[in-house]
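So the chains spell out like this:
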Amino acid sequence: MTCWLLLSTLASQSAMAKEWVFDVYLDKSKIGQHTFKLNDALVLTSTATFKVKVLFINAYQYEHQAIEQWQDDCLTSLDAHTTENKVNTYVKGKLSSKNFAVETVKGKQELPVCTMTFAYWNSKIIEQSKLLNPQNAEWLETKFTKIGVETIDVKNQKIDAIHYKLDGSLAGKNKLNIDLWYANNNEWVGLKSITPEGYTIHYKLR
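Cut-offs applied
- Residues numbered from 1 in each chain as written.
- Predicted model: local features only at pLDDT ≥ 70, side-chain atom pairs only at ≥ 80, totals over all residues.
- Heavy atoms only, no water.
- Pairing = 2+ DSSP bridges.
- Helix = DSSP H or I, 4+ residues; strand = E, 2+ residues; numbered from the N terminus.
- Disulfide = S-S within 2.5 Å.
- Phe/Tyr/Trp six-rings, centres within 6.5 Å; stacked < 30°, edge-to-face > 60°.
- Buried < 20%, exposed > 50% of the residue type's maximum accessible area, 1.4 Å probe, protein only.
- Salt bridge = Lys/Arg side-chain N within 4 Å of Asp/Glu carboxyl O.

Participant: Would you explain the pairing of strand β10 (residues 139-154) in this entry?
Facilitator: Along a regular strand, successive side chains alternate from one face of the sheet to the other. Both strand β9 (residues 130-132) and β10 contribute to a ladder of three bridges, which runs antiparallel. Paired with Leu132 across the bridge in β10 is Trp139. The antiparallel hairpin formed by β9 and β10 contains six residues in its connecting segment, where Ala137 sits at a positive phi of about 70°. One ladder, built from 13 bridges, connects β10 with strand β11 (residues 157-170); its direction is antiparallel. Opposite Ile152, over in β11, you have Ile159 as the bridge partner. Between the antiparallel neighbours β10 and β11 lie two residues, among them Lys155 with a positive phi of about 55°.

Here is the structure:
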């Protein structure tokens, strides 16, 4: 019985291993790529590289990598590094028996034992009222609104997907406006966001 349970657990974890690769567009111009890799041990590696050019000059550069260890649907550790126009930000987090402790150069904060980042690949984030931003350690209040089923293009095919609107705020100030799409099997297939300047960022799944 013990052996059967072990094999069952390993098979379940192996089934979780997955990769999402998105080309990222600013309005109609491709600016980079964002990749999410989830391995058998439930370690998620998120890697993003964006470059925006204006008149052949690099006007904006962004590089981000976050390594997240998950257990079930809860974060157990986080190690993130972001470079935005040569400004570096580091975020580290670790689960203890009492809380999930997050540390940056600005200080520390203690979050609930079961904390989630903006893990779009896990549709259970839709059930959360607060999420941790791994780029800057902001603990944001989140509200998900189901818009409905829409037909969208994914990998040159038209599929039906459920559209959600995500609003994120901190101390009453709006921080994020994101649209998410999930296929009927809860598979993440699309993302769109409006920047503070009014530009549209669109993730296109490869």
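Participant: I'm lost on the state of the cysteines in this one. Help?
Facilitator: Note: disulfide means a covalent bond formed between the sulfur atoms of two cysteine side chains. For the coordinates displayed, the defined rule picks out one disulfide. The side chain of Cys74 participates in a disulfide bridge whose partner is Cys114; the two sulfur atoms lie 2.0 Å from each other. Because the sign of the S-S torsion sets the handedness, a value of about -85° for the bond joining Cys74 and Cys114 places this disulfide among the left-handed ones. One end of the pair, Cys74, is in strand β5 (residues 74-84); the other, Cys114, is in the loop between β8 (107-111) and β9, with 40 residues separating them in the sequence.

Participant: Explanation requested: the packing of aromatic side chains in the structure shown.
Facilitator: For any pair of aromatic rings, the description rests on two quantities: the centre-to-centre distance and the angle between the ring planes. One pass over the full model with this rule turns up eleven aromatic pairs. On the numbers, 4.4 Å between centres and 40° between planes, the contact of Phe22 with Trp188 is tilted. In this pair, Phe22 sits in strand β1 (residues 18-26) while Trp188 sits in strand β13 (residues 188-194), placing the two residues 166 residues apart along the sequence. Of the residues examined, Phe22 reaches a relative accessible area of 0% and is grouped as buried. A ring pair is formed by Trp70 and Trp121, whose centres lie 5.5 Å apart and whose planes are at 90°; its orientation type is edge-to-face. Taken as a pair, Trp70 in strand β4 (residues 57-71) and Trp121 in the loop between β8 and β9 lie far apart in primary sequence, 51 residues in all.

Participant: Any chance you could explain the pattern of salt bridges here in plain terms?
Facilitator: Side-chain pairs of opposite charge can arise where the charged atoms are in close proximity. Applying the stated criterion to the full structure yields nine salt bridges. Among the salt bridges present, the one from Glu138 reaches Lys175, with a minimum N-O distance of 3.3 Å. Of the two residues, Glu138 is situated in the loop between β9 and β10 and Lys175 in strand β12 (residues 173-183); the sequence distance between them amounts to 37 residues. Overall, the relative accessible area of 35% leaves Lys175 in the partly exposed class. With a closest N to O distance of 3.0 Å, Asp153 and Lys158 form a salt bridge. The exposure classification of Asp153 matches that of Lys158, with both residues exposed. Through salt bridges that share partners, Asp23, Lys30 and Arg206 make up one connected network.

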